[in-house]
Amino acid sequence: MRVLVLGGDGYLGWPTALHLSDRGHDTAVLDNLARRGYDRELGVQSLVPIEDLDTRVAAWEEVSGRTIPAYTGDLLDADFVYRVLREFAPDAIVHFAEQRAAPYSMIDREHAVYTQHNNVVGTLNLMYAIAETNPDIHLVKLGTMGEYGTPNIDIEEGWLEVEHNGRKDRMLYPKKPGSFYHLSKVHDSHNLEFGCRIWGMRVTDLNQGVVYGQQTDQTVRDARLATRFDYDAVFGTVLNRFVIQAVLGEPLTVYGAGGQTRGFLDIRDTVECIRLAVENPADAGEFRVFNQMTESYSVSQLAALVAESFAGPVQVEHLENPRVEQAEHYYNVKHTGLVGLGLQPHLLSETLIESMFDIVSANKDRVDPAALLPTVRWQGPLKR
Ligand SMILES: O=c1ccn([C@@H]2O[C@H](COP(=O)(O)OP(=O)(O)O[C@H]3O[C@H](CS(=O)(=O)O)[C@@H](O)[C@H](O)[C@H]3O)[C@@H](O)[C@H]2O)c(=O)[nH]1
C-alpha cells in the first residue's frame, strides 16, 4: 500500500514510518518540524540525540534500500495538503501531526489556542483534502485514551449503546477529557465521525494510551535512525520520566498520591497497531474506534515498578499535583479490537525497563535537571 505518515518526524511518527516501510509499504512522511521548534521554545532537547529528517531518510535508504519521500509543510496550509495528496496518491494516511502534550496546551491562552487551532483546523483541512482528491483514502487518526477521561463506568471502544426512556441508540462514547490538548482530540473525533456519516469517509480513530520506550526493531539498526526520548515535564511521558529520574538519582515525581490510573503501551506495540489498522481498513462510511493500550497502571504502581527494577537506590517523591485530575477512580477499559486484528502485546516487563536504563545511562549528560520539575499548573489562570 501507499501510506503517508503525517507528523513523520516525531517521537512515534518516525518509527511508524520505518515500520511500515520495512513491511513493504511505499511510505512517505509529511511534517512541519514543529516538534523541534517546541524544544527550542522550551529550552530542552531529546535525551537521545536525533538527526534531522533528511539525514534520517538517507540513513534508512542506506540500511534498507528503501526510500521514504519527505514533504515539509503544514496541515494549516490547505493548498500544500491537497498538492501532497495528489502527488503521492496514498491509499492510507496515518495522522500524528498534532501538538500532543497536555501541559503545553495548559501553559496559557496562547498555547491553548495554538493547540486547538493547529490540531482541529489541520485535521479539518485534511478531511476536505481527502474528500476532494480521493474519498477512498483510509485515514488512521491518532486520538487518545484521555478523550474519555476517567468515568465511573466501563470504557467501551468509542461507541456506547444507550437506553433512555425506553428507547435505544448507538452513540459516541461520552467524553470527559482533562486538558485543552485532550479536548482537541475530542473535537477531531466529532468532526471525523461527521465526515464518515455525511460524506462516507473511512476513518480509524486510535485512542492511544501513554507510550513508553524508545527503540523499535527498525530504529536500532543505525544510531542515525533513533527517535526522540523526552524527559522534560512538558513533553516527557510518565514512565519514560521515571526511568530517567531513577538513573539520574533524582526522586521519581509522583503527582499527588499517585492513585490516578492510565492505559499504557510499548512503543513497539504502537507501530504494530498502526500497521494492523492500515492493513485492515475501515469500511466506507465507518468511524471505527480502537482503544490502543495494552495494560493499566496507577502512577504509584509505575513508580514502584521502576524502583524495583533499578539496581541502585530510588526515592519516590509525592509532589502537589500540578494538574486537576481524579486522585482515585474506577478504570476499566475494553481494548479487544486491535488484539482481534492480531496484536501480540509486549507487556511491561523488567527486561524492557532495564534496556531503557541503558539508553538513559549512555546519554545522561544531556539532561538539564531543572527541566524535570513541573511548572505548568492547570489552575494557573484562574483568579482566586
Ligand atoms: O512526572 C510525572 C508525570 C506525569 N504524572 C502523571 O502521569 C499521568 C500521565 O501523564 P503523562 O504526562 O505521562 O501523559 P499525558 O499528559 O496523559 O499525555 C500523554 O499520554 C496521552 C495518552 S492518555 O494519558 O491520555 O491516555 C497522549 O494522548 C499524549 O499525547 C501523551 O503526551 C498523569 O496522571 C500525570 O499526573 C506523574 O505523576 N508524574
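The protein chain carries the name UDP-sulfoquinovose synthase in an unreviewed UniProt entry, which gives Kribbella solani as its organism. We quote the UniProt Sequence similarities (unreviewed entry) comment for the protein chain here in full: "Belongs to the NAD(P)-dependent epimerase/dehydratase family."

Notes on the packing of helix H1 (residues 13–22) against helix H9 (residues 267–279)
Closest axis-to-axis distance for the H1/H9 pair is 9 Å, and the angle between their directions is 55 degrees. Comparing their axes, H9 and H1 come out oblique. Considering the relative orientation of H1 and H9, their crossing is right-handed. In this structure, H1 uses Pro15, Thr16, His19 and Leu20 to contact H9, whose residues at the interface are Ile267, Val271, Glu272, Ile274 and Arg275. Residue composition of the contact of H1 with H9, by class: 5 nonpolar, 2 polar and 2 charged.

Details of the sheet that holds strand S13 (residues 295–298)
Strand order in the open sheet formed by 3 strands is S9-S11-S13, and the pairing between neighbours is mixed. The sheet is open, and its two borders are formed by strand S9 (210–212) and S13, each paired with just one other strand. Between one strand axis and the next, the sheet turns through 45 degrees on average, direction left out of account. Pairing of strand S11 (residues 261–266) with S13 involves 4 bridges; the strand directions are antiparallel.

A short note on helix H2 (residues 34–42)
When we look at burial in H2, the residues that qualify are Ala34, Arg35, Arg36, Tyr38 and Asp39. Buried residues along H2 sit in contact with strand S2 (26–31), helix H3 (53–64), helix H5 (102–105) and helix H6 (109–133). With its phi angle positive at about 70 degrees, glycine 43 sits one or two positions after the end of H2.

Parameters at a glance
- Residues numbered from 1 in each chain as written.
- Predicted model: local features only at pLDDT ≥ 70, side-chain atom pairs only at ≥ 80, totals over all residues.
- Heavy atoms only, no water.
- UniProt positions renumbered as here; feature names shortened; annotations may be inferred.
- Axes fitted to C-alpha atoms, helices over the stretch in contact; angles between N-to-C directions.
- Helix = DSSP H or I, 4+ residues; strand = E, 2+ residues; numbered from the N terminus.
- Parallel < 35°, antiparallel > 145°, perpendicular 65-115°, else oblique.
- Left-handed = near helix turned anticlockwise from the far one by under 90°.
- Contact = heavy atoms within 4.5 Å.
- Nonpolar A, V, L, I, M, F, W, Y, C, P; charged D, E, K, R; others polar.
- Pairing = 2+ DSSP bridges.
- Buried < 20%, exposed > 50% of the residue type's maximum accessible area, 1.4 Å probe, protein only.

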